[in-house]
Amino acid sequence: GEDVEQSLFLSVREGDSSVINCTYTDSSSTYLYWYKQEPGAGLQLLTYIFSNMDMKQDQRLTVLLNKKDKHLSLRIADTQTGDSAIYFCAESISGTYKYIFGTGTRLKVLA
Amino acid sequence: EAGVTQFPSHSVIEKGQTVTLRCDPISGHDNLYWYRRVMGKEIKFLLHFVKESKQDESGMPNNRFLAERTGGTYSTLKVQPAELEDSGVYFCASSQALADGQETQYFGPGTRLLVL
């Protein structure tokens, strides 16, 4: 079946690194995505990774993918208060267009 | 370039009433999607249009929900009659296929629906 899991909360101090984890069950996923939702706002695409890649880096963001364990992580370096938001991971399934989302991880950055 | 827009941003209605949500996709995007997030849970797929045709409506909860995309541009999602469990945030997204096959979905700000 299709299932994506994330921990619900993460709290870090400003300047530290944040690591948000996600596990998925469907081995036919093609792309995996990270979206950010700030309070009262919509979903903003942060980054994505193709399922045959191990790592992707984009400025302060590093995505790591362990396909064997079906584990995806998003590392935010030098976390700022503006990074406080809900982070959703999502997978696209081969042969379909729909995304399967996790429950979202609420990141709180302490000053 | 304008992103995906949704209207209204918020809606508060009573149980039994009708509500219609609207989504305007990014210009030129053939694919349009509706998703819903019920309080604190995951964002769930509702349906997918390709132009004006329903490609996949496997996520629609029941026949109280009706989605249309006449002319292949904007889409509406009508809930009639609304029930308490319909409360949540309704997201619309649109996408267009790229040459490498990747098709990122761009999301709108969502409509927050509260049924009392």
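Scroll up to find the structure.
What counts, and where the lines are drawn
Residues numbered from 1 in each chain as written. Chains lettered and ligands numbered in written order. Predicted model: local features only at pLDDT ≥ 70, side-chain atom pairs only at ≥ 80, totals over all residues. Heavy atoms only, no water. 1 Å grid on protein atoms, 1.4 Å probe; cavity = no way out; pocket = protein on both sides within 12 Å on 5 of 7 lines; lining within 4 Å. Points joined across faces, edges and corners; volume = space filled by probe spheres on them. Helix = DSSP H or I, 4+ residues; strand = E, 2+ residues; numbered from the N terminus. Nonpolar A, V, L, I, M, F, W, Y, C, P; charged D, E, K, R; others polar. Pairing = 2+ DSSP bridges. Axes fitted to C-alpha atoms, helices over the stretch in contact; angles between N-to-C directions. Contact = heavy atoms within 4.5 Å. Buried area = accessible area lost by both parts, 1.4 Å probe. Polar contact = N/O pair within 3.5 Å; in protein donor to acceptor, adjacent residues only side chain to side chain.

Q: Please clarify how the layout of surface pockets should be interpreted in this entry.
A: A probe matching the size of a water molecule, rolled over the atoms, marks out where space remains unfilled. Quantified by volume, the largest pocket comes out at close to 640 Å³. Lining the largest pocket are 30 residues, and of these A:Ile86, A:Arg106, B:Arg37, B:Met39 and B:Gly40 sit closest to its centre. Among the elements of the structure, β9 (85-93) and β11 (105-110) of chain A together with β2 (10-13), β9 (88-95) and β11 (111-115) of chain B are those that each provide at least two residues to the lining of the largest pocket. It is β11(A) that contributes the most residues to the lining of the largest pocket, 4 residues altogether. Residues of the lining of the largest pocket, tallied by class, amount to 14 nonpolar, 11 polar and 5 charged. In this model, the second largest pocket occupies a volume close to 460 Å³.

Q: Would you mind showing me how to read the sheet that holds strand β8 (residues 75-79) of chain B here?
A: All names here are of chain B. With antiparallel pairing, the 4 strands of this open sheet are ordered in space as β1-β3-β8-β7. Each of the sheet's edge strands pairs with one partner strand only, and the pair in question is β1 (5-7) and β7 (65-68). When strand polarity is set aside, the average angle formed by the axes of neighbouring strands in this sheet is 15°. Looking at chain direction, strand β3 (residues 19-24) and β8 are connected through 5 bridges and run antiparallel. The residue of β8 that forms the bridge with Cys23 is Ser75.

Q: Sorry, what's going on with the interface of chain B and chain A here?
A: The figure often quoted for interface size is the accessible area lost as the parts come together. In this complex, chain B contributes 23 residues to the contact, which on the side of chain A involves 18 residues. Where chain B abuts chain A, roughly 1700 Å² becomes buried across the two surfaces, and 57% of that area is made up of carbon and sulfur atoms. Our count for the contact surface shared by chain B and chain A stands at 6 residue pairs in polar contact (both at pLDDT 80 or more). Contributions of two or more residues to the side of chain B that touches chain A are made by β4 (31-37), β5 (43-50) and β10 (106-107) of chain B. Among the elements that line the side of chain B that touches chain A, the one with the most residues is β4(B), at 4 residues. A per-class count over the side of chain B that touches chain A returns 8 nonpolar, 8 polar and 7 charged.

Keep in mind these values describe shape, not function.
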